[in-house]
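# Commentary on secondary and tertiary structure
Residues per chain, in single letters:
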Amino acid sequence: MPIPRELNNGQFAEYMDAIRVLYLADEDFKSLCDDYCTVRTSIEQFKGTSVRDLERASEYEDLSVELAKEILYYVRNPR
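Basis of the calculations
- Residues numbered from 1 in each chain as written.
- Predicted model: local features only at pLDDT ≥ 70, side-chain atom pairs only at ≥ 80, totals over all residues.
- Heavy atoms only, no water.
- Axes fitted to C-alpha atoms, helices over the stretch in contact; angles between N-to-C directions.
- Helix = DSSP H or I, 4+ residues; strand = E, 2+ residues; numbered from the N terminus.
- Parallel < 35°, antiparallel > 145°, perpendicular 65-115°, else oblique.
- Contact = heavy atoms within 4.5 Å.
- Nonpolar A, V, L, I, M, F, W, Y, C, P; charged D, E, K, R; others polar.
- Left-handed = near helix turned anticlockwise from the far one by under 90°.
- Core = buried A, V, L, I, M, F, W, Y, C linked by side-chain atoms within 4.5 Å.
- Buried < 20%, exposed > 50% of the residue type's maximum accessible area, 1.4 Å probe, protein only.
- Expected span 1.5 Å × (residues − 1).
- Phe/Tyr/Trp six-rings, centres within 6.5 Å; stacked < 30°, edge-to-face > 60°.

## A word on the packing of helix α1 (residues 16-25) against helix α3 (residues 51-76)
Interhelical geometry of α1 versus α3 gives an angle of 95° and a closest axis separation of 10 Å. In terms of their interaxial angle, α1 and α3 are classed as roughly perpendicular. Together, A18, I19 and L22 of α1 and I71, Y74 and V75 of α3 make up the contact between the two elements. Its residues assigned to classes, the contact of α1 with α3 shows six nonpolar, no polar and no charged.

Here it is as structure tokens:
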């Protein structure tokens, strides 16, 4: 099973091997990554719509940053 395309970005580039392994082997990490991917997809859907949706996109962007930090922490500090 391949990892979601949203994880293939510059932010995670140097950790892709570890992300692939953890995504397939650790259910908690997979869930964290799936949440990140869902948020990233939602952000794209909200862009270019109403002001309210742009506000929501901004909130999702903040959430995305926090989830990305958690992913990086998880990868840098394996259990």
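After presenting the structure, the write-up continues.
## Some thoughts on the packing of helix α2 (residues 27-46) against α3
Here α2 crosses α3 at 155°, and the two axes come no closer than 9 Å. Classified by the angle their axes make, α2 and α3 are roughly antiparallel. Remark: the crossing between α2 and α3 carries left-handed chirality.

## Regarding the nonpolar core
If you look at the biggest cluster of nonpolar residues, it comprises 21 residues, and the most contacted ones within it are L7, F12, I19, F29, Y36, I71 and V75. If you tally residues by element for this core, the top one is α2, at seven residues. Residues within four places of F12 in sequence aside, it is in contact with L7, I19, Y36, A68, I71 and L72.

## Overview of α3
In this model α3 runs 37 Å from its N-terminal to its C-terminal C-alpha over 26 residues, within 8% of the 38 Å that 1.5 Å per residue would give. Those residues of α3 lying buried are A57, S64, L67, A68, I71, L72, Y74 and V75. Against the buried residues of α3 lie α1 and α2.

## Points about the packing of aromatic side chains
Tallying each qualifying case throughout the model produces two aromatic pairs. Ring geometry for F12 and Y36: centres 5.4 Å apart, planes at 75°, overall edge-to-face. Of the two residues, F12 is situated in the segment before α1 and Y36 in helix α2; the sequence distance between them amounts to 24 residues. We note that F12, like Y36, is buried.

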